[in-house]
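# What the coordinates show
Spelled out from the first residue to the last, the chains are:
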Amino acid sequence: MRNERIFVSGGAGVIGQVLVGRLVGLGASVLVGDLKPRPKSMSRHIQYRQGDLNTISFTELSSFAPTMFFHLAATFERSVESFDFFEQNFLNNIRLSHHLLSLLKDVESLKRVVFASSYLIYDSSLYTFKEPVDKAVPLSESMAISPRNLTGMAKLAHEVELGFLERFRSSQFSSVSARIFRGYGRNSRDVISRWIRSTLRGEEIRVFCPEGIFDYIYADDTAEGLIRIAQTPSVRGIVNLGTGRPRRVADIVNVIRANLPSVKVVHDIEVEFDYEGSCADINLLMEKVHWTPKYDLEEAIPEIIEYERTRILENDDLLQKNILISSASRKVPLVRAVVEASDRLGLSGLVLAGDVNSQAQAQYACNGLVQLPETVEENLDKLTSVVDEHQIGLIIPTRDGELDFWSKHRAMFKARGVDVLVSEREAIAACVDKLAFAEFGASHDLPTIPAWESPRGIGPFVVKERFGSGSRSIGIKLGREAALAHGATLTTPIYQPFVDGREVSVDAWLDRRHKVKGLVLRDRDEVANGESVVTTTFRNESLEATCREILEALPLRGPVVLQLILDENDKPHVIELNARFGGASTASIAVGLDIWGWSILEHLQQDLISVPFLRSGREVRQIRVPEDLLFYDPDI
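Just so it is clear, the model here is predicted, and its values are computed rather than measured.

### Some words on the sheet that holds strand β23 (residues 461-465)
Taken in spatial order, the three strands of this open sheet run β24-β23-β25, and their pairing is antiparallel. Each edge of the sheet is formed by a strand with only one pairing partner; in this case those strands are β24 (475-478) and β25 (493-497). For this sheet, the mean inter-axis angle between neighbouring strands, taken without regard to orientation, is 25 degrees. In this sheet, β25 lies alongside β23 in antiparallel orientation, the contact comprising five bridges. Its bridge partner being in β25, Phe461 is matched across the sheet by Pro497.

What follows is the structure, encoded as C-alpha cells:
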C-alpha cells in the first residue's frame with residue numbers, strides 16, 4: 001500500500017478506524033470521509049472530511065486523486081428496522097453509494113474499488129428456521145439472493161451498480177464487493193459491545209434465541225481482510241468475508257461470563273424471532289487471497305472488555321450521558337432533529353423530552369419524557385435532582401421564558417458535569433426586552449428598527465408587547481390614534497415605525513467563543529401566529545456578512561434566530577433576535593446548518609475548527625403542516 005492514495009468512506013466507524021490505521025502503517029496517504037468527528041486517536045496527518053458525503057464534490061475527490069476507494073459508509077439498525085429507517089436507508093445507503101460511485105468513476109487515478117457489502121443479501125430462507133438447528137448453513141457466493149431487509153437491499157443495489165460499471169470501465173479500475181458476516185468490534189453498537197458495557201455498569205443483559213448460530217467476524221480481521229482483498233487483483237465481483245467458524249449466541253454469553261463473572265443474564269423467551277443458523281463459506285477467500293481470519297470470540301472479547309474498562313477509567317462517559325430538551329411541548333421537528341444528530345454522531349445516551357406537562361407530545365419523537373418542575377428559583381434543587389436522576393449531560397432550553405434561568409445557573413450545572421446550551425444573561429436580556437434590543441442596536445450602529453415607549457410622529461406604527469413573543473397581540477401599520485388605542489390593550493407596549501418589505505428569518509449557530517459557525521437566510525413566505533408556515537432558503541453574501549456582524553455583537557451561544565425586513569432597496573431592518581431554536585429552523589438544517597451536530601460536538605469537547613459548514617448548493621422550501629404519529633400494537 002506504500003504510495004497509494006486511498007479514500008475511505010465511513011473511516012471513523014468500528015471497521016474504518018482499524019482499516020485507516022493499518023493503511024497508514026503500510027505507507028498509504030489516506031482521505032477519510034465520515035459524518036462523525038475525527039476520532040481522538042486518528043492521526044492529524046490523515047486528511048479528514050467531516051460531513052454528509054452526499055454533498056462531496058467531484059473537485060474534492062479528483063484533487064485528492066485516489067488510487068483506491070474503500071466504501072464502508074452506511075446506515076444500519078439493529079435486528080428490526082424501524083419505520084423512520086426507510087428514509088435514512090435511502091439517503092445514507094442507496095443515494096450515498098450511487099453519488100460516490102458516480103463521481104469516482106470519472107476520477108482517472110482510480111484503480112481499485114472495495115465495497116463493504118453484507119451477507120444480508122442472501123435469501124434468508126436458506127439460513128433461518130422456526131426451531132433451533134444443530135449446524136449452520138455455509139453460504140457461498142453462488143447461492144440464491146433475496147435481501148433480508150432494507151440494508152441488504154441497499155447493499156445489493158450497489159453491488160449491481162459496481163457490476164454494471166465493470167462492463168464499461170474495467171480497463172480503468174476493478175471492483176470487489178466483500179459480503180461481510182456478523183461484525184463486532186471496539187466502540188461498537190453490536191450486541192457483544194452492548195452486553196459488555198451493560199455488565200461493566202452492573203446492569204442485566206437480555207438474551208433471546210441463545211441457540212442462534214452466526215459467523216462473528218472481529219473488526220480487526222475485517223479490516224485486514226479488506227486490505228488483502230484490495231491487494232489481490234484477481235479477486236473481482238463477490239467474495240465472502242467471514243471466519244467460516246459459526247458460533248452460538250450462548251457462546252458469547254459464556255465467554256463474557258468467563259471474563260466477567262458478575263454478568264447478570266435474563267433470557268427473554270417472549271421475543272418472536274426465527275432462529276438463524278448461518279456462516280460464511282470462505283473457500284473463495286482462501287483460494288484467491290490465501291488468508292483466513294485469526295480471531296475467535298475467546299481472543300476478541302477480552303480486548304473489547306479492556307477497551308470499555310479504559311473508557312470508564314478515562315471518564316469517557318459523555319457519549320453515554322443523556323440529552324434533555326426542556327419545554328419540549330409539541331416541538332416534534334426540533335426533537336427529531338436532535339435525535340437524528342445524536343444517532344449520527346454515535347451517542348449511546350438517550351434523548352429525552354422535558355416538560356411540566358406529563359402529556360407533552362414531543363416525548364413520542366424521542367426516548368421518553370422527563371417531567372420537570374417550573375424553571376423558577378424555588379425549584380432549583382428539584383431540577384438538580386431530576387437532572388442527576390436521569391443522568392443528563394446536555395440540556396437544551398427551547399422557550400424564551402426559561403433562558404435566563406438556565407443561563408443564571410449554567411455554571412452550577414457545569415460544575416456537576418452538565419452542559420447547558422444557552423447564551424450569556426446579558427445577551428438574553430437584550431433579546432427578550434425588545435426596547436433594550438433596539439437601543440442596543442442604535443448604540444452599536446446596527447440596522448435595528450427603533451422602538452419607543454410612546455409613538456413618535458404620525459406613523460404608521462407597529463405596536464407590540466415589549467417582553468415575550470412579539471407576534472402576540474401585534475398591531476401592524478396603524479396610525480397614531482389607532483396605535484395608542486391598541487397599546488392600551490397591551491401590558492407593556494412599544495411602538496416602532498412600520499417598515500414595508502420582505503420578511504426574512506436568519507437561522508444561525510454560535511460557538512462557545514460567541515462566533516458564528518454558520519447561518520442561513522430564509523424568506524418568511526407565509527406566516528401564522530408569528531411563525532413561518534411556508535419558508536424558503538436563499539443566499540445573499542452581503543446580507544449574510546451583515547447578519548454575522550449583528551450576531552457577534554452579543555455574547556450568544558448555540559442556535560439563534562434573527563428577524564428582519566428587506567426594504568425595496570434590499571437594505572436590512574432588524575426587528576428582533578431570539579436566543580433559541582426557531583419554529584421553522586429545521587429548514588436551515590436541511591441545507592447544511594448542522595445546529596444540533598455542532599451543539600453535541602462542542603458538548604463532547606471536540607475541536608470544531610476542523611468541522612466545516614457545508615452549505616448546500618440547493619435551496620429548500622419548507623411547508624409546516626400537522627403530522628400524525630402512529631404507534632402500532634407492539635410499540636404501545
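### Digging into the pairing of strand β1 (residues 5-9)
For β1, the tally of buried residues reaches four of five residues, placing the bulk of the element in the interior. Strand direction decides the pairing type here: β1 and strand β2 (residues 29-34), joined by five bridges, are parallel. When the bridges of β2 are listed, Ser9 appears paired with Gly33. Between the parallel pair β1 and β2, the chain is carried across by helix α1 (residues 14-25), and the sense of this crossover is right-handed. Here β1 runs beside strand β4 (residues 68-71); their pairing, made up of four bridges, is parallel. Residue Val8 lies in a different strand from β4, and its bridge partner there is Phe70.

### Some words on the packing of α1 against helix α6 (residues 219-230)
Running from N to C, α1 and α6 point in directions that differ by 50 degrees, and their axes come no closer than 8 Å. Judged on the interaxial angle alone, α6 and α1 are oblique. Crossing of α1 over α6 shows right-handed handedness. Between α1 and α6, the contacting residues are Val14, Ile15, Val18, Leu19, Arg22 and Leu23 on the first element and Ala219, Asp220, Thr222, Ala223, Glu224, Leu226 and Ile227 on the second. For the contact of α1 with α6, the class distribution of residues is nine nonpolar, one polar and three charged.

### As for helix α5 (residues 191-200)
Most of α5 sits inside the fold, with seven of its ten residues counted as buried. Within the sequence span of α5, burial applies to Ile192, Ser193, Trp195, Ile196, Arg197, Ser198 and Thr199. Sitting at the amino-terminal end of α5 is Asp190, which places a side-chain oxygen 2.8 Å from the backbone nitrogen of Ile192. One or two positions beyond α5, positive phi appears at Gly202, with a value near 80 degrees.

### A word on the pairing of strand β5 (residues 112-118)
Within β5, seven of the seven residues are buried, leaving the element largely enclosed by the surrounding structure. Residue alternation in β5 divides its side chains into two sets, Arg112, Val114, Ala116 and Ser118 and Val113, Phe115 and Ser117, and both sets are buried. Bridge analysis of β4 against β5 gives four bridges, and the strand direction is parallel. Across the sheet, the residue bridging to His71 is Phe115, located in β5. Bridge count between β5 and strand β8 (residues 174-180): seven bridges; the pairing is parallel. Following the sheet pairing, Ser118 is matched in β8 by Ile180.

### A short note on a nonpolar patch on the surface
Taken together, the side chains of Val80, Phe208 and Phe273 present a nonpolar region at the surface, about 250 Å² in accessible area. Mapped onto the secondary structure, Val80 falls in the loop between β4 and α3 (85-104). A relative accessible area of 55% means that Val80 is categorised as exposed.

Reading the values: the criteria
- Residues numbered from 1 in each chain as written.
- Predicted model: local features only at pLDDT ≥ 70, side-chain atom pairs only at ≥ 80, totals over all residues.
- Heavy atoms only, no water.
- Pairing = 2+ DSSP bridges.
- Helix = DSSP H or I, 4+ residues; strand = E, 2+ residues; numbered from the N terminus.
- Axes fitted to C-alpha atoms, helices over the stretch in contact; angles between N-to-C directions.
- Buried < 20%, exposed > 50% of the residue type's maximum accessible area, 1.4 Å probe, protein only.
- Right-handed = clockwise from strand over helix to strand, strands pointing away.
- Parallel < 35°, antiparallel > 145°, perpendicular 65-115°, else oblique.
- Left-handed = near helix turned anticlockwise from the far one by under 90°.
- Contact = heavy atoms within 4.5 Å.
- Nonpolar A, V, L, I, M, F, W, Y, C, P; charged D, E, K, R; others polar.
- Polar contact = N/O pair within 3.5 Å; in protein donor to acceptor, adjacent residues only side chain to side chain.
- Patch = residues over 30% accessible without salt bridge, like charges linked within 9 Å, V, L, I, M, F, W, Y side chains within 5 Å.
- Areas by Shrake-Rupley, 256 points an atom, 1.4 Å probe, with all protein chains shown as cover.
- Salt bridge = Lys/Arg side-chain N within 4 Å of Asp/Glu carboxyl O.

From the geometry alone we can't say anything about function, so treat these as descriptive.
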